[in-house]
Amino acid sequence: MSAINIVHVSQTPLVGAPAKIAKALCKAGFNSSAIALTDYPQKGPLYKKFTDDMLVWNGASAAQLSLIKSKLTDADIIHVHNDIPKDTVKVILENNTRAGFVYQVHSPLREGPLYVRRAESIGLPFSAHLVVAQYQPRHYQDYIAVPNLVDFEPGYTLRSDSEKLKIIFSPSHSRSGRWNAKYSEKVENDLKALAQIGAIELIWPETALHPNELMRLRQAAHVTIDEVMTGAFHQISLEGLCAGNVTINRADYFSKAIFAQCTPSKILPPFVYSDESSLSSVLLRLAQNPELTRQIQIESVRYFTDNMLSSNLIDNFKNVYSKIQ
Amino acid sequence: MEVIRNFHAGDYVFIDPFSSPASGVSAYIACAFNILCSYGVKCHVIRRDGLEDIEDFRRRVPGELEKYGDFPVVEAPESLAATKYISDKFYLHIRLHCSKSLGAAIQGEKYLESDVSDEQKEILRADWISAPSHVAVAASRYLFKLPGNVWVYPNPIPPMKYGLKGDPQFDVAFLGRWQSLKGINFLKKLINDMPDVSFRLGVDRDPKIKNKNVSWMLVDSDERKSNLLNTSRLLVLPSLFETASMVGLEAISHGVQIICWKHLGIAEYFDSSWVEKVDWFKIDDFALAIRDRLNNINCEVPPVDSLNNLFVDGFFSMSRGSGNRDLLVNYKVDISLLIKETVRHSMKNSQGKFKRKLNKFKRDPKGFFADSALAKMFVRPGAEIGVKKSLPLVSSVDFSKVNDFVNIDNDSRIRFGDVKKQLYGLNTLLLMPSGFSMAGELVSCLWSQADFSPFKESHLNIGWFDSGVEGSALDFINRIDLDNKKKLEEIDFIFVVDAPDFMVEGLRSCTTGVRLISILVDCKSDNFEVADAYILSSVNDSSGFSAARRFVKIAEIDNPMQVAIGMRRLVQESKPRDIDLLLPVFGDFDLGFDLIDFDANIFQGVVLYSGDSPVVSDPIFDSLINEFSRSVKGMMLLESVYMKYKSLCDEVERGGSPANLISACLKDGVLLDVRY
């Protein structure tokens, strides 16, 4: 029996990750939707940026609430992301006695080594445990790794010989912890210095553009810089490939290898490796070599097209669902 | 492999990979060279240049050999495998002087398996193997496979420097490098116990000894050596191990008698008129022997010729392939008996333990040396030999007078206090269940270690938990608010006794930098992946144990001193260090090539991978690592990381798959540089 109704539930929009899965499932012939219990704080920069394709419970109108409840009741599979409160669990269990449950962890509860497993304490009978295929699988080594999806069509602008190297970079905040400490003052200084001497053109977007706008900017750039501090890569790297950017991060072998297992070709993604101290030389080398830039750009977008279209990656989820019930 | 070859016909080339005035091998070569020349052998030496890298030297040797006629015979020590790159066409004579690896093993230090295997290869392809003593052969067998026919003949003695001397200034001389292998800890005790005897130390650096009966001089030339020997009555040789001892031979050539342990190579060369032989490590007997001799100095002419004749006989018999293979029959020592005696001597307690030790020794001699009471005797300067500071054990600890760092019960928020006294990287918390019967004794043992600050009464933080506490790790974490988590971050080591798994996991997950060690006395665990390390009874046979990153097993878990020592060991191996070296876990590494560009600021280890990219059917990390590990050819870890996972590393060194080790490292955020 194939599962047709799949409902994703998460506490917050989780930067749109569950919604993208739902969307891709719909394209693949399922009936799927994503419910967030609340949006990001109203005063904050992420408010309303990721809810285009989601239902938001908190503050929903009566009609929307009714829709939400019926989706939960009719679901064949309920796919829980990260954590949901006991009240929501109660509502689910009261209204739906036959759904299968899937658990997916995106980010740990707090900074590590706090990878205390939360699936057991949610109170739902999960048939499958999933983990986002970036650095996280090393903390959940027995969970099934699944990729984050990119909901854009690939599109890119090849650098011409006369153009400066265009780099798009989103700064992050100073945080502590092994996997959260993405910020680097040196990186920011180096980028500004390179821009100042005219070696590169730096696109430094204001905080929290709408994802669509950000992607358009990225598609006009040549290089995406993810963080070069922790050894992980993030959604931004995946989007960098989609936008035909030379995608720079410090992802270690195992982050890339587990991601590769989720792709059709099982080949490692063509990220360009750099750490904090080598970044400026990597960028200078690219800046001085438009041909090299183009080569990597093409490699990046080709990898994306061959491996990372939602229609391909959604198979990872289909495989999981097909084994339930 | 017996080959009849006449050494007279061709050239004879010594290889000296040490090339230092302090090296016994260099001294031996100088001596042997002269004697053989006087017998008409055309001798040469290829020496390593001062700061020349050993690999560069190895590669230079074949070229140098081309100068010496068609079929030179090459002699080299087994140490450092200096002959690695010479072709099989050369006749090779390997002499077992005392491998650096062996020396390290005896001192319980790490040695590179790859070095041993290089040296082993040379031994196996040599045409002749000789050794300067039976003890050298027996000891070498622990590390190497030796052919059945090893020639035993002594090192030659330098020409006599004996001359009539006036009244010597000093009673007892010591000559050699100031390092533990030379027995300096025994020497220190002798100096302390015999304040009326004057000691003169001829060493390579300031030994920093304040006793009034001691003076020292820097010995960096033959003149200074002679000067020291001519002004002393006796020489002591308290080394842990010697295959011969050029120092001893030099002393004898000056007419100075020596006192040494009976298992040292030189004891096989002479009778007691020149070499007073003391039972292994009986320091009081050693002191008695000194007093005895001082009253009874031997005035005979040193037997230089007779020893050198043995050298010459042995050498030429070997070259002919016939004749007496053992020229040191007279003072042979039964090494296995000696080892048994020492084991018994160091195991003062029950028969059972002695048997177990002996079995371990029989099963795994290398491991035994690296990890035994014997090694502990060697390795901790001053620890066993009486120079340690310790306070008397407090008979009963009054805990009501002790400020608790924390009290954990079932209901309320968990609040932490402030650390007693800030010790960079070493703040320690001992967390015990209320009513823990061993509490007083354990704390008393910890406080008594006056030379170890983290455990002193003024520094050790103590806390309690209600043994009925229940819940999940998540609940536990949620009972600690942000401010209190910050307070806990001040602690570097948490030792928790008999805590339930969820509490161990909760504590571990609260902070990023803490090293959490679970001590299991009355309690069992089901999940050995939560704590960083475990201290538990040797008979603990819980399943799931193989996943533990690091554990210390204790014979008597209810012996508070043993637990305290285990705790200390774990703190010492994990404390912040200045130099963090890459240690090999397994595999062959071409240190120059394979580690190019290794950046220890970014990575904590290196993995050599050869093979196709791993592919697994289900994208599960476990499966990926298992598949990946099958093609891992080698692995090295920074020492600080190695120690965290020592038990898992040991498993890999024993031939297990590196999968568990790699998983544990990655889980904890260790970054490995994968090279493929």
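Notes on the structure in this doc start here. Computed from a predicted structure; not experimentally measured. (Residues numbered from 1 in each chain as written. Chains lettered and ligands numbered in written order. Predicted model: local features only at pLDDT ≥ 70, side-chain atom pairs only at ≥ 80, totals over all residues. Heavy atoms only, no water.)

**Some thoughts on the overall build of chain B**
Link 1 in the chain: Across its full length, chain B holds 23 helices and 23 strands.
Link 2 in the chain: Across the 676 residues that make up chain B, the buried fraction comes to 55%.
Link 3 in the chain: Contacts in chain B between residues far apart in sequence, at least 24 positions, make up 66% of those at least 6 positions apart.
Link 4 in the chain: Total accessible area on chain B stands at roughly 29,300 Å², and carbon and sulfur atoms take up 49% of it. (Helix = DSSP H or I, 4+ residues; strand = E, 2+ residues; numbered from the N terminus. Buried < 20%, exposed > 50% of the residue type's maximum accessible area, 1.4 Å probe, protein only. Contact = heavy atoms within 4.5 Å. Areas by Shrake-Rupley, 256 points an atom, 1.4 Å probe, with all protein chains shown as cover.)

**Thoughts on the packing of helix 1 (residues 24-38) of chain B against helix 10 (residues 304-320) of chain B**
Residues and elements named next belong to chain B.
Link 1 in the chain: Between helix 1 and helix 10, the least distance of the axes is 11 Å, while the angle of their chain directions is 80°. As far as their axial angle goes, helix 10 and helix 1 are roughly perpendicular. For the pair helix 1 and helix 10, the contacting residues are Y28, A32, I35 and L36 in the first and N308, F311, V312, F315 and F316 in the second.
Link 2 in the chain: For the contact of helix 1 with helix 10, the per-class residue count stands at eight nonpolar, one polar and no charged. (Axes fitted to C-alpha atoms, helices over the stretch in contact; angles between N-to-C directions. Parallel < 35°, antiparallel > 145°, perpendicular 65-115°, else oblique. Nonpolar A, V, L, I, M, F, W, Y, C, P; charged D, E, K, R; others polar.)

**Let's talk about the interface of chain B and chain A**
Link 1 in the chain: The partner chain A presents 35 residues to the 34 residues of chain B that form the contact.
Link 2 in the chain: In total, chain B and chain A occlude about 2,900 Å² of area from one another, counting both sides; carbon and sulfur atoms represent 63% of this.
Link 3 in the chain: At the junction of chain B with chain A, the criterion picks out one salt bridge.
Link 4 in the chain: Here K323 of chain A ties to D618 of chain B by a salt bridge, and the two come within 3.9 Å at their closest N and O atoms.
Link 5 in the chain: The interface formed by chain B and chain A includes six residue pairs in polar contact (both at pLDDT 80 or more).
Link 6 in the chain: Elements represented by at least two residues in the side of chain B that touches chain A include exactly helix 16 (473-478), helix 18 (501-510), helix 20 (621-629), helix 23 (659-667) and strand 23 (672-675) of chain B.
Link 7 in the chain: Here the side of chain B that touches chain A gets five residues from one element, more than from any other, and that element is helix 20 of chain B.
Link 8 in the chain: Split by residue class, the side of chain B that touches chain A holds 21 nonpolar, seven polar and six charged. (Buried area = accessible area lost by both parts, 1.4 Å probe. Salt bridge = Lys/Arg side-chain N within 4 Å of Asp/Glu carboxyl O. Polar contact = N/O pair within 3.5 Å; in protein donor to acceptor, adjacent residues only side chain to side chain.)

**A few points about the pattern of salt bridges**
All names here are of chain B.
Link 1 in the chain: One pass over the structure, following the stated rule, counts 42 salt bridges over all chains.
Link 2 in the chain: K225 is paired through a salt bridge with E250; the nearest N and O atoms lie 3.2 Å apart. Of this pair, K225 sits in helix 7 (residues 222-230) while E250 sits in helix 8 (residues 246-253), and the two are 25 residues apart along the sequence. Both residues of the pair, K225 and E250, count as buried.

**What to know about the packing of helix 1 (residues 17-27) of chain A against helix 11 (residues 310-322) of chain A**
Residues and elements named next belong to chain A.
Link 1 in the chain: Between helix 1 and helix 11, whose axes approach to 9 Å, the crossing angle comes to 95°. Our classification of the angle between helix 1 and helix 11 gives roughly perpendicular. Seen from helix 1, the contacting residues are I21, A24 and L25; seen from helix 11, they are S310, I314, F317 and Y321.
Link 2 in the chain: Class assignment for the residues of the contact of helix 1 with helix 11 results in six nonpolar, one polar and no charged.

**Description of the nonpolar core**
Link 1 in the chain: Counting residues in hydrophobic clusters, the biggest one holds 108 residues, and the most contacted among them are F14, L36, I266, F270, F286 and I290 of chain B.
Link 2 in the chain: Per element, the largest residue contribution to this core is eight residues, and it comes from helix 1 of chain B.
Link 3 in the chain: Beyond its immediate sequence surroundings of up to four residues, F270 of chain B is in contact with I157, L249, I252, V275, K277, P303, L307 and Y331 of chain B.
Link 4 in the chain: If you look at the next biggest cluster of nonpolar residues, it comprises 103 residues, including L37, A99 and I314 of chain A together with Y642 of chain B. (Core = buried A, V, L, I, M, F, W, Y, C linked by side-chain atoms within 4.5 Å.)

**Focus: the sheet that holds strand 11 (residues 257-261) of chain B**
Residue and element names in this part refer to chain B.
Link 1 in the chain: Strand order in the open sheet formed by six strands is 9-8-7-10-11-12, with parallel pairing between adjacent strands. Every interior strand has two partners, whereas the edge strands, strand 9 (214-218) and strand 12 (275-278), have only one. Neighbour-to-neighbour, the strand axes of this sheet turn through a mean angle of 25°, independent of strand direction.
Link 2 in the chain: Pairing analysis gives four bridges linking strand 10 (residues 232-237) to strand 11, with the strands arranged parallel. Residue pairing in the sheet places V236 in a bridge with I259 of strand 11.
Link 3 in the chain: Packed onto the sheet, helix 6 (residues 184-193) meets strand 7 (170-175), strand 8 (199-203), strand 9, strand 10 and strand 11 and runs at close to 155° relative to strand 8.
Link 4 in the chain: Sheet strands in contact with helix 9 (residues 283-294) are strand 7, strand 10, strand 11 and strand 12, and its direction is about 170° off that of strand 11. (Pairing = 2+ DSSP bridges.)

**Quick look at the environment of S20 of chain B**
Residues and elements named next belong to chain B.
Link 1 in the chain: Its location among the elements puts S20 in the loop between strand 1 (11-16) and helix 1.
Link 2 in the chain: Residue classification places S20 among the partly exposed residues on the basis of a relative accessible area of 25%.
Link 3 in the chain: Separated by 30 residues in the primary sequence, S20 and G50 have C-alpha atoms spaced 8.2 Å apart.

**Points about the environment of L426 of chain B**
Residue and element names in this part refer to chain B.
Link 1 in the chain: Residue placement: L426 occurs in the loop between strand 13 (404-408) and strand 14 (428-433).
Link 2 in the chain: Between the alpha carbons of L426 and P576 there is a distance of 8.3 Å; along the sequence they are 150 residues apart.
Link 3 in the chain: The residues contacting L426, other than those within four sequence positions of it, are P454, D492, F493, V571 and K575.

**Some words on the packing of aromatic side chains**
Link 1 in the chain: Applying the stated criterion across every chain yields a total of 31 aromatic pairs over all chains.
Link 2 in the chain: Ring plane angle 85° and centroid distance 6.5 Å describe the contact between Y103 of chain A and Y143 of chain A, whose orientation is recorded as edge-to-face. Remark: Y143 of chain A occurs in the loop between strand 6 (126-132) and strand 7 (144-146) and Y103 of chain A occurs in strand 5 (residues 100-105); sequence separation between them is 40 residues. As far as the burial class goes, Y103 of chain A and Y143 of chain A line up, both buried.
Link 3 in the chain: With a centroid separation of 5.2 Å and 90° between ring planes, the pair formed by F315 of chain B and F316 of chain B is classed as edge-to-face.
Link 4 in the chain: Given a relative accessible area of 11%, F316 of chain B falls into the buried group.
Link 5 in the chain: By way of ring pairs, the aromatic residues Y12, F14, Y28, F33, Y39, Y153, F311, F315 and F316 of chain B are connected into one cluster.
Link 6 in the chain: Here R95 of chain B stacks its cationic end above the ring of Y153 of chain B, 4.3 Å away from the centre of that ring.
Link 7 in the chain: Above the ring of W151 of chain B, the side-chain terminus of R325 of chain B is found at 5.1 Å from the ring centroid. (Phe/Tyr/Trp six-rings, centres within 6.5 Å; stacked < 30°, edge-to-face > 60°. Lys NZ or Arg CZ within 6 Å of the ring centre and 35° of its normal.)

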